[in-house]
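Descriptive analysis of the structure
The residues making up each chain are set out below.
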Amino acid sequence: MQQAACPGEDGDEEMGVKEEGEEEDDDDEEEDDAEDGYYMDPCPVAVVASPPGGGRAASTGRRRAREEKERTKLRERQRRAITGRILAGLRQHGNYSLRARADINEVIAALAREAGWVVLHDGTTFPSSSQSAATPGPRPVMVAASASPLALPTSPALPLRGISPVAARPISHRPAPACSVLLSPPRAASRPPAHEAVPDGSASHLLAVPVPVPMDPAAEDAADVKKVPEVAPRPPERDFAGTPYVPVYVMLPLGVVNGNGEVVDADELVGQLRVLKAAGVDGVMVDCWWGNVEAHRPQEYNWTGYKRLFQMIRELKLKLQVVMSFHECGGNVGDDVSIPLPHWVTEIGRSNPDIYFTDRSGRRNTECLSWGIDKERVLHGRTAVEVYFDFMRSFRVEFDEYFEDGIISEIEIGLGACGELRYPSYPAKHGWKYPGIGEFQCYDRYLQKNLRRAAEARGHTIWARGPDNAGHYNSEPNLTGFFCDGGDYDSYYGRFFLNWYSQMLVDHADRVLMLARLAFEGSNIAVKVSGVHWWYKTASHAAELTAGFYNPCNRDGYAPIAAVLKKYDAALNFTCVELRTMDQHEVYPEAFADPEGLVWQVLNAAWDAGIQVASENALPCYDRDGFNKILENAKPLNDPDGRHLFGFTYLRLSKVLFERRNFFEFERFVKRMHGEAVLDLQV
């Protein structure tokens, strides 16, 4: 039997459309599922039957049916992926407030409204200029709140979440206290003053909304008159006023300091930082790239660009989080610049490629150095951890005044790929695509030598190897012999290998954090842990296993990491706190992802260990739903111990963030993170 996540509603049903001939495919797929013994269980982990073995015994018809089912699934995944990208593009670039689970009707309605058409609740659509000439029945009447005294640019009207799509004229808004309301049609001839319709008594902006009103009073009771049903407004948001103050930082662009030691677009950056400061942001996060600072020769450090940048930040009275980035930049999601490892390190790598992580096929990953050389003197007479320590000590000496003045509030120690504590198990440069399970990265000769010693110490030299049935980067767990339910991951050998593999990750963190605590004595240090949330609803948690987190359904893989952070008084910085499980299921139901479950597990593992927890978003976030999810995780409701995050870092400073609608939501989010009261403005 194989474990898989409980799938939700079919993607096509949510979109409300089917391509020609797909209805038959769907029926065939359901019949095939029934034949194969597939069924759904309401529990977090759904149990499904493994594909029957014995290829000789299987009939040709069964094989063809199975192949057709897989082709049908592939077509559906492609369709859902395209739909998800269209909705994401409209939300991000078109100023459409489309929910993550919007169906095709909402998309068409939003486009029609922008073109000047009126769209009623029942789908009736006509040009706004013909409203007065509409046929007898409910006709829209424009009810407006008084205009704001502020002269503001307008943007296309957006459907209110929880309210039926209706036509609306453009509304204007800005990052300032404001509130809008959907007004009900008055039955009396007189209209109440606009200030009575706004909860805070202010007239914030013009909102014109058509609401159905009978043409004749007698027609109101007529059976043939269709009324637009009254729909409850969006439920009020949780009030975070008076909650604990959680500082908010913003990551600066990856290439804010270039390889020549210059601050890129310094004048524009200063203007952006001033806006962030005015919005209440506490500080910024900066990556100090090993490949830029120690680029040409060992122990020759160029901090010039960072000195100028830090001075700019200090003059604006902002705090600094600094990342010791011992990995290369480029090739990962969100990387818009290329910053390789130091030139003298890559020269060593040409003659000794085993300094890099290596997969089963022998492909080297040059993103960061293998943990196998942590104690090997292969870097011009120094070990890898000595190189990291020298870099950190140089930084501490060079920027001593920023530590003494409290400008630098935290140092985040890079411990692996993307600066996170993990193996580079899902590199895009090697063809990985979401939601592939990734591959184990332990085939360089240094890690292999360590594995042999561990197997000999256990008394099973035959175990001195990596799994040979763990699939490839884009495999699914149930299609591998190692990760499927009842697979080798839970055998004696599998438990030995995964214990060793994950212990190498913990040992690496232990060694580097010990030296980091020496270099930054008396300062706050932190470690970032990635949120590998796909395949979380399966038994093996395959993607987490290849990344180094030994966290199957019957084991807590994050407690050992929390313990080593506790040992050195380091905070845990966790990602993906803005993601919702249902949204992930909407776009990639086959990924069996559960970001909410993963976040809750990791946060509680850290809190149980007594360490501080911070977080950041994994993907760009500009909408209120995403910000609300971050707030929920930052300040858990009714937590008996009053636990909350001690900081949040927003990814990332960009021109898109400063678009009026996006920045309005961001500024509102900052105030709520600080525990300030905000108006309940529904956009």
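Computed from a prediction, not measured in an experiment: that's the story for all the values here.

**Quick word on unusual backbone geometry**
- Cis peptide bonds are those with omega within 30 degrees of zero, and the linkage from Y434 to P435 qualifies with 5°.
- Mapped onto the secondary structure, P435 falls in the loop between strand 12 (408–413) and helix 12 (445–458).
- Cis rather than trans, the peptide bond between L651 and R652 has omega equal to 5°.
- As for its placement among the helices and strands, R652 is situated in the loop between strand 16 (647–650) and helix 19 (660–673).

**Overview of the packing of aromatic side chains**
- Across all of its chains, the model carries 50 aromatic pairs by this definition.
- Plain terms: the ring middles of Y301 and F391 are 6.1 Å apart, the flat faces sit at 75° to each other, and that makes the pair edge-to-face. Taken together, the residues span a long stretch of sequence, with Y301 in the loop between helix 7 (290–293) and helix 8 (304–315) and F391 in helix 10 (residues 384–398) at a distance of 90 residues.
- Residue Y301 is classed as partly exposed on the basis of its relative accessible area, which comes to 22%.
- In this structure, R314 is placed above the aromatic ring of Y402, and the distance from its NZ or CZ to the ring centre is 4.3 Å.
- A cation over a ring is seen here: R495 above Y492, with NZ or CZ 5.0 Å from the ring centre.

**Some thoughts on the UniProt feature "binding site: substrate" (unreviewed entry) in the protein chain**
- When the UniProt feature table is mapped onto this chain, "binding site: substrate" (unreviewed entry) is found at D287, H327, D335, K528, H533, T575, N617, A618 and R652.
- Residue position: N617 is located in the loop between strand 15 (613–616) and helix 18 (624–634).
- Looking at N617, the relative accessible area reads 0%, which means it is buried.
- Excluding its chain neighbours within four sequence positions, the residues that come into contact with N617 are C576, V577, E578, F648, T649, Y650 and L651.
- One polar contact links the side chain of N617 to the main-chain carbonyl oxygen of L619, over a distance of 2.8 Å.
- The exposure class assigned to R652 is buried, which follows from its relative accessible area of 19%.
- Beyond its immediate sequence surroundings of up to four residues, R652 is in contact with V250, M251, L252, P253, L254 and D287.
- In this structure the side chain of R652 is engaged in a polar contact, spanning 2.9 Å, whose partner is the backbone oxygen of L252.

**A look at the UniProt feature "active site" (unreviewed entry) in the protein chain**
- In the UniProt entry, the feature "active site" (unreviewed entry) is given for E420 and E616. Spanning 197 residues, the annotated positions come together in the fold, the maximum distance between their C-alpha atoms being 12.3 Å.
- Relative to the elements of secondary structure, E420 occurs in the loop between strand 12 and helix 12.
- With residues near it in sequence (within four places) discarded, E420 still touches L415, Y426, K528, S530 and T575.
- Mapped onto the elements of the fold, E616 is located in strand 15.
- Accessibility expressed as a relative area gives 2% for E616, which makes it buried.

The rules behind each value
- The numbering scheme is per chain: residues are counted from 1 as the chain's sequence reads.
- At least 70 in pLDDT is required for a residue's local features to be given in this predicted model, at least 80 for side-chain atom pairs to be given and counted, and no such filter applies to totals for whole chains, interfaces and linings, which use all residues.
- Side-chain measures here rest on the full set of heavy atoms in the structure, leaving out hydrogens and waters.
- Each helix is a run of H or I in the DSSP string that is no shorter than four residues. Each strand is a run of E no shorter than two, and both are numbered from the N terminus.
- Working definition: a ring pair exists when centres of Phe, Tyr or Trp rings (six-membered ring for Trp) sit within 6.5 Å. Plane angles under 30 degrees give stacked, over 60 give edge-to-face, the rest tilted.
- Whether a residue is buried, partly exposed or exposed follows from its accessible area with a 1.4 Å probe, protein chains only, as a fraction of its type maximum: under 20%, in between, or over 50%, in that order.
- Lysine NZ or arginine CZ positioned within 6 Å of the ring centre and within 35 degrees of the ring normal marks a charge as sitting over the ring.
- UniProt positions are given in the numbering used here, feature names are shortened, and annotations may be inferred rather than shown by experiment.
- Residues count as neighbours in contact if any of their non-hydrogen atoms are within 4.5 Å of one another.
- Counted as a polar contact is a pair of N or O atoms within 3.5 Å, where, for protein atoms, one must be capable of donating a hydrogen and the other of accepting one, and residues adjacent in sequence contribute only when both atoms are in side chains.

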